[in-house]
Amino acid sequence: MVDLTGGITQVLLLVSGGIMVFYQIMSIGILVSFLQYSGQLLGILEAIVQYPTMVSNSKVIYEKITMFIREDSVVSSSSALQPIVVNSICLDNVSFKYTESTNILENASVKFLSGKVNVILGSSGEGKTTLLKILLCKQKVDRGKILLDGTDNPFFSQQNINQFVGYLPQNDIVFRDTIKENVLLCRDITDDKLEEIILLCEIKDEINRMDKGIDTLIEKENINLSGGQIKRIMLARLFVEDK
């Protein structure tokens, strides 16, 4: 709305100024200068109008960051008190829907065993990502239970899920920094441990072929890395903190 008003104002000023120049009431130089200054003034007014919205959005972001920090502190304090060793995770008759008319999962039962590789197959929109979000406690189920080793464990929550679950997202998330810092993310491990992780993720040889090795800077838009290399860098992050 503000942009529309500003555009209309600029057009009216241009038309009225053009008429004044035509009748030699104003020179074209003055008209150009006037339009430039009026544009700057409208930009300031637009910023003032949008300021409350910006403050409101910033408040929401701040609250989310604060909530994340608080949850992370709970994880740090509770992990020592409630160590969890999990051999199986089971969804028992779990149902979930985003809207009243659309069931994503209905009475779903599935068991995941520790040390086994499980592949979830299905067409787009059939609930694969939703199922993972439920396992990560990022979505609450409408009905059913999530069982740890066959027991409805009260400690299974977002507050301690990071103790034993590593999550590799679909989106490529790397930063314009060195490969090493993208793997560590400000965490401290020994050089031997880092080399072991890089070898485990099958990217050591490719890193060694780079001029600066693991200190190679990831360039803007990741143009110096392939999609597979980025995925392996993200995978290496999971092994920095052994789940």
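Here is a short report on the structure shown in this document. Quantities reported herein were computed from a predicted structural model and do not represent experimental measurements.

**Concerning the overall build of the chain**
Then, in step 1: Looking only at helices and strands, the chain features 7 helices and 3 strands.
Then, in step 2: Put simply, the chain runs from its N terminus to its C terminus through helices and strands in the order α-α-β-β-α-β-α-α-α-α.
Then, in step 3: Residue burial in the chain is summarised as follows: out of 243 residues, 26% are buried.
Then, in step 4: For the chain, the proportion of contacts with a sequence separation of at least 24, taken over those separated by at least 6, is 63%.
Then, in step 5: Of the roughly 17,100 Å² that the chain leaves accessible, carbon and sulfur atoms contribute 57%.

**A few points about the packing of aromatic side chains**
The way to describe two aromatic rings as a pair is by their centre distance and the angle between their planes.
Then, in step 1: Counting across every chain of the model gives 1 aromatic pair.
Then, in step 2: Seen in terms of ring centroids, phenylalanine 96 and tyrosine 98 are 4.7 Å apart; in terms of plane orientation they differ by 90°. Their pairing is edge-to-face.
Then, in step 3: For phenylalanine 96, a relative accessible area of 6% translates into the label buried.
Then, in step 4: Overall, the relative accessible area of 46% leaves tyrosine 98 in the partly exposed class.

**Focus: the sheet that holds strand β3 (residues 143–148)**
Whenever strands of a sheet pair, they do so through backbone hydrogen bonds, lying parallel or antiparallel.
Then, in step 1: Strand order in the open sheet formed by 3 strands is β2-β1-β3, and the pairing between neighbours is antiparallel. What marks the edges here is a single partner per strand, and that holds for β2 (105–113) and β3. Mean inter-strand twist for the sheet, computed between neighbouring axes without regard to direction, equals 5°.
Then, in step 2: Here strand β1 (residues 88–96) pairs with β3 via 5 bridges, running antiparallel. Bridging from a neighbouring strand, aspartate 92 pairs with lysine 145 of β3.
Then, in step 3: Helix-sheet contacts for helix α3 (residues 128–135) involve β1, β2 and β3, and the interaxial angle to β1 is about 120°.

**Quick look at α3**
Then, in step 1: Of all the positions in α3, only Thr130, Leu131, Ile134 and Leu135 are classed as buried. The arc that holds every buried residue of α3, seen down its axis, measures 140°, which confines them to one face.
Then, in step 2: Elements in contact with the buried residues of α3: β1, β2 and β3.
Then, in step 3: Positive phi shows up at cysteine 137, right after α3, with a value of about 65°.

Reading guide: rules and limits
- Residues numbered from 1 in each chain as written.
- Predicted model: local features only at pLDDT ≥ 70, side-chain atom pairs only at ≥ 80, totals over all residues.
- Heavy atoms only, no water.
- Helix = DSSP H or I, 4+ residues; strand = E, 2+ residues; numbered from the N terminus.
- Buried < 20%, exposed > 50% of the residue type's maximum accessible area, 1.4 Å probe, protein only.
- Contact = heavy atoms within 4.5 Å.
- Areas by Shrake-Rupley, 256 points an atom, 1.4 Å probe, with all protein chains shown as cover.
- Phe/Tyr/Trp six-rings, centres within 6.5 Å; stacked < 30°, edge-to-face > 60°.
- Pairing = 2+ DSSP bridges.
- Axes fitted to C-alpha atoms, helices over the stretch in contact; angles between N-to-C directions.
- Arc of directions from axis to C-beta.

Interpretation note: all reported values are geometric properties and have no functional meaning in isolation.
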